[in-house]
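Listed below are the residues making up each chain.
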Amino acid sequence: MLKNPTAEHYGYELSEESGIRSGVLYPILTRMLAEGWVTDDWEDPAKITGKKRPPRRYYTLTGPGQLALEELVAKARQDTRFRGFMFPEFGIAR
Amino acid sequence: MTTLLDTLVSPGLYALLIVVYGFAPGFVLRIILKLYPKGHIRRRELVAELYAVKRVVRPLWVAEQVETALFDGLAARARRRARRRSLALRRRVPTKGAIIAHRLEMISIATLFCAVSTVLPMHVGIQVAVNSIKFTIECSGFMHVAVAIFGTIAWFTRHARFCQRYPVGYPLLGWMRRRCNDLNADDRG
């Protein structure tokens, strides 16, 4: 999400990118929504081209959410427990 | 043990798994998503995301959703139930079970009194004299009076308690409800 903060992301995409299992990711997203870190919206069905599929639910990072996430990542970077598992460029735990 | 191993390696089981997971992952996913409460947003979300998953890994992804549904869905179900219950208590809406229990209680009280009053023989009674004129008040008559008095008291007291908890649904006893509320307010105050 921090890689492209203004973009819309859906659950499976986030799960693939971060390597977090969906059983863990969705509760996290629910909490982030409750905290106001992300907003959600449904994909416009008119924009779905090619395959016939239902519209996806997209999550977008909010301003306060971005700040909070950056702060969290900065804290995690300093934590010795996560140091070995961090992506150096984004600081996302794997 | 051998039978279990045979079952595990039987081609029939694999065929079934391929049919269920390989050809109908959407169907299986929808069944798994039943763990979420009705109308939960995740039901739509996960079905939509299934089509983003590569066909090869779809069965595994669907199997993974069991975990999601168990932890996320059942928790959501429990939360919703708790919220509904607390909301019902706050609004003081009688639950179906409470109404049935209350009615059964009333019926049992009435049955008890009526049974006692009808079983007693008519000639058993108490003689009373008023201005030297003797009257015989039959016991069954007493019992009928008792039915009326005790039944009414029981009904009103139970009803008062019932009204205190569930004041909606009995508009004729609105005054009692208001009285209960006033008493409650006094207690709190």
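Residues numbered from 1 in each chain as written. Chains lettered and ligands numbered in written order. Predicted model: local features only at pLDDT ≥ 70, side-chain atom pairs only at ≥ 80, totals over all residues.

## With respect to the nonpolar core
Heads up, the rule is: Among buried residues, those of type Ala, Val, Leu, Ile, Met, Phe, Trp, Tyr and Cys that are joined through C-beta atoms within 7 Å form a set called a nonpolar core. To sort residues by burial, count the other C-beta atoms lying within 10 Å of each one's C-beta; a count of 20 or more means buried, 12 or fewer means exposed, and anything in between means partly exposed. C-beta atoms are built from the backbone. The way it works is that DSSP assigns letters per residue, a run of H or I at least four long becomes a helix, a run of E at least two long becomes a strand, and they are numbered from the N terminus. Contact between two residues is assigned when their C-beta atoms, built from the backbone, lie within 7 Å.
Among the nonpolar cores identified, the biggest contains nine residues, and these are A:Met1, A:Tyr26, A:Leu29, A:Met32, A:Trp37, A:Val38, A:Tyr59, A:Leu61 and A:Leu69. Looking at this core, the elements that each hand over two or more residues are helix H2 (22–35) and strand S3 (57–61) of chain A. By residue number, the principal contributor to this core is H2(A), which donates three residues. Sequence-distant contacts of A:Leu69, defined by excluding residues within four places in its chain, comprise A:Met1, A:Leu2 and A:Trp37. Listed in part, the eight residues of the second largest apolar core include B:Leu29, B:Leu35, B:Tyr36 and B:Val62.

## Overview of the confidence of the model for chain B
All names here are of chain B. Our working rule: Looking at any residue, its pLDDT shows the predictor's confidence there, from 0 to 100.
Mean pLDDT over chain B works out to 70, with 38% of the residues at or above the 70 mark. Within chain B, the lowest mean pLDDT, 59, falls on helix H7 (residues 139–165), and the highest, 89, falls on helix H4 (residues 41–50). Below a pLDDT of 50 lies the segment residues 167–172, which in the model reaches nine contacts outside its immediate sequence neighbourhood of four places, other chains included. The ipTM value of the predicted complex is 0.77, and its pTM value is 0.54.

## Let's talk about the interface of chain A and chain B
The following threshold applies: Throughout, the ten residues Ala, Val, Leu, Ile, Met, Phe, Trp, Tyr, Cys and Pro are labelled nonpolar, Asp, Glu, Lys and Arg are labelled charged, and all others, Gly among them, are labelled polar.
With 14 residues of chain A at the contact, the number on the chain B side is 16 residues. Of the residues forming the side of chain A that touches chain B, the biggest block, four residues, is contributed by H2(A). Its residues assigned to classes, the side of chain A that touches chain B shows six nonpolar, three polar and five charged.

## Section: the environment of B:Leu74
Topologically, B:Leu74 is positioned in helix H5 (residues 58–91). Sequence separation of B:Leu74 and B:Tyr36 is 38 residues, and the distance between their C-alpha atoms is 6.2 Å.

## Here's the deal with the sheet that holds S3(A)
Residues and elements named next belong to chain A. Our working rule: The criterion for strand pairing is that DSSP finds at least two bridges linking the strands in question. Lines are fitted to the C-alpha atoms to define the axes, a helix being fitted only along its stretch in contact, and any angle between axes, read from their N-to-C directions, falls within 0 to 180 degrees.
Across the sheet, which stays open at both edges, the three strands sit in the order S1-S3-S2 with antiparallel pairing between neighbours. Since the sheet does not close on itself, it has two edges, and those belong to strand S1 (8–10) and strand S2 (38–42), each with one partner. Adjacent strand axes in the sheet meet at a mean angle of 40° when their direction is disregarded. As judged from the three bridges shared by S1 and S3, these two strands associate in the antiparallel manner. Bridging across to S3, Glu8 finds its partner in Thr60.

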